[in-house]
Amino acid sequence: MAAAGFGVPGTVVDGRLHAAHIPWVLDSGSLASHLQLPRERIVLMNDLVATARGLRHLAPKDFLCLNRGVDHSEENIAVIAAGTGLGEAVLYWDGRGHRAAPSEGGSADFAPRSDQEIAFLTFLKKRLPRISCEELFSGRGFRPIHEFLGPDIHHDSFSKAAGESAQEITQNALNGSCPICVETLDFWTDAFGSEAGNLALRVLAYGGVYLAGGIAVKILPLLEKSNFCRSFADKGQLSAILHRGGSKRRGSAARRCQRGHGCHPLRRLNSSLF
Ligand SMILES: [Zn+2]
């Protein structure tokens, strides 16, 4: 082994991982010692940065377009990934190429828009001292939404940790066996689209927004027919900029959904979503 690199969930500072969801202590010095490699041959990197850097190595067939706009190859690109947590990153254009930068945007405050989302925030605020985006847009976000929408319905997984309910709620929503599970996914995709739009505005992602992470792939049939793209572009005076992504003018955004490893080939959608 000549070198080793690791994409890890959390913030890497001075070669040391600061992670919120895993108990591991990772630092490049101890890894170098264990692997008997020079420290300069060890790279610890935020997992979303690793994902962003990997985009260029994927083939066109590995992507699904949720909204096709005009390619602006010399513009910033945003990446957002919901899974165990919520990861965000940006590929910023430096004038000659794209450079990946990490973000802890998943820990930013959740911003509700509708009366229902405000009521949900109030509901969740009774349980948690602070509601970050990640509390919703991760696997553990599904169950509190379900409990908010249908407090009298309890599924088997509800006796386990919150993240353990994501699979059951997703399956019930996909097969339509529980109307509250269907409603939960509608609520989630709607709000998640808004958060993706927030990220696009913050980094001016005219080069596109990519969805990664395990959840997007697992709920793909629901995502395709959801309000995700509508919520993404619902940004008041700036909506026109995001809308133009679908009309082949400057401002392409919300374009692609990254395919996860091992899933079936994704279909390309037409561009009539907006
Ligand atoms: Zn249900």
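Since we're looking at a predicted model, the values are computed, not measured. (Residues numbered from 1 in each chain as written. Predicted model: local features only at pLDDT ≥ 70, side-chain atom pairs only at ≥ 80, totals over all residues.)

1. Here we look at the overall build of the chain
Part 1: When you go through the chain residue by residue, the secondary structure sums to 11 helices and 10 strands.
Part 2: In the chain, which comprises 274 residues, the share counted as buried stands at 42%.
Part 3: Counted over contacts in the chain with a minimum sequence separation of 6, partners at least 24 positions apart contribute 69%. (Helix = DSSP H or I, 4+ residues; strand = E, 2+ residues; numbered from the N terminus. Buried ≥ 20, exposed ≤ 12 C-beta atoms within 10 Å, placed from the backbone. Contact = placed C-beta atoms within 7 Å.)

2. A short note on unusual backbone geometry
Part 1: Non-glycine residue D14 carries a positive phi angle of around 50 degrees.
Part 2: Topologically, D14 is positioned in the loop between β2 (11-13) and β3 (16-18).
Part 3: One non-glycine residue, L204, lies in positive phi territory at about 50 degrees.
Part 4: Here L204 is to be found in the loop between α7 (179-203) and β9 (209-212).

3. Quick word on the environment of A3
Part 1: In this structure, A3 sits in the segment before β1 (4-8).
Part 2: Here A3 falls in the exposed class, since 11 other C-beta atoms lie within 10 Å of it.
Part 3: Setting aside its immediate chain neighbours within four residues, A3 contacts L37 and R41.

4. Examining the environment of H154
Part 1: Structurally, the position occupied by H154 is in the loop between α5 (142-149) and α6 (166-175).
Part 2: Sequence spacing of H154 and R143 is 11 residues, and the spatial spacing of their C-alpha atoms is 9.6 Å.

5. A word on the nonpolar core
Part 1: Within the largest apolar cluster, 56 residues are counted, with the highest numbers of intra-cluster contacts made by A78, V79, I80, V209 and A216.
Part 2: Among the elements that make up this core, the one with the highest residue count is α7 (11 residues).
Part 3: In this structure I80 touches E88, A196, L199, V209 and L211, once residues within four positions along its chain are discounted. (Core = buried A, V, L, I, M, F, W, Y, C linked by C-beta atoms within 7 Å.)

6. Looking at the pairing of strand β6 (residues 77-82)
On a regular strand, one side chain projects to one face of the sheet and the next to the other, so that they alternate.
Part 1: The buried count for β6 comes to 6 of 6 residues, which makes it a mostly enclosed element.
Part 2: Alignment of β6 against strand β7 (residues 86-93), held across 6 bridges, turns out to be antiparallel. Residue pairing in the sheet places A82 in a bridge with L86 of β7.
Part 3: Between the antiparallel neighbours β6 and β7 lie 3 residues.
Part 4: When β6 meets β9, the two strands line up parallel, connected through 4 bridges. Across the sheet, I80 pairs through a bridge with L211, a residue of β9. (Pairing = 2+ DSSP bridges.)

7. Re the packing of α6 against α7
In helix packing, the relevant descriptors are the interaxial angle and the interaxial distance, both defined with respect to the helix axes.
Part 1: Contact pair α6 / α7: the axes reach a minimum separation of 8 Å and the direction vectors enclose 100 degrees. Classified by the interaxial angle, the pair formed by α6 and α7 is roughly perpendicular. Contact with α6, carried on its side by I169, N172 and A173, involves C181, V182, T184 and L185 of α7 and no other residues of that element.
Part 2: When the residues that make up the contact of α6 with α7 are grouped by side-chain class, the tally is 5 nonpolar, 2 polar and no charged. (Axes fitted to C-alpha atoms, helices over the stretch in contact; angles between N-to-C directions. Parallel < 35°, antiparallel > 145°, perpendicular 65-115°, else oblique. Nonpolar A, V, L, I, M, F, W, Y, C, P; charged D, E, K, R; others polar.)

8. Points about α7
Part 1: Compared with an ideal rise of 1.5 Å per residue, which puts 25 residues at 36 Å, α7 spans 37 Å between its outermost C-alpha atoms and is within 8% of the ideal.
Part 2: Counting buried positions along α7 gives 18 out of 25 residues, so the element sits mostly inside the fold. (Expected span 1.5 Å × (residues − 1).)

9. Re the packing of α5 against α7
Part 1: Running from N to C, α5 and α7 cross one another at 120 degrees; their axes reach a closest spacing of 9 Å. By the angle between their axes, α5 is oblique relative to α7. For the pair α5 and α7, the sense of crossing is right-handed. Between α5 and α7, the contacting residues are F142, I145, H146 and L149 on the first element and I180, C181, E183, T184, F187 and W188 on the second.
Part 2: Classifying every residue of the contact of α5 with α7 gives 7 nonpolar, 2 polar and 1 charged. (Left-handed = near helix turned anticlockwise from the far one by under 90°.)

10. Description of the confidence of the model for the chain
Interpretation of this model should avoid reading the predicted coordinates in detail wherever pLDDT is low.
Part 1: Per-chain confidence: the chain averages 85 in pLDDT, with 86% of residues scoring 70 or above.
Part 2: Here strand β10 (residues 256-258) stands out as the least confident element of the chain, with mean pLDDT 44; α5 is the most confident, with 98.
Part 3: Below a pLDDT of 50 lies the segment residues 245-274, which in the model reaches 93 contacts outside its immediate sequence neighbourhood of four places, other chains included. (pLDDT = per-residue confidence, 0-100.)

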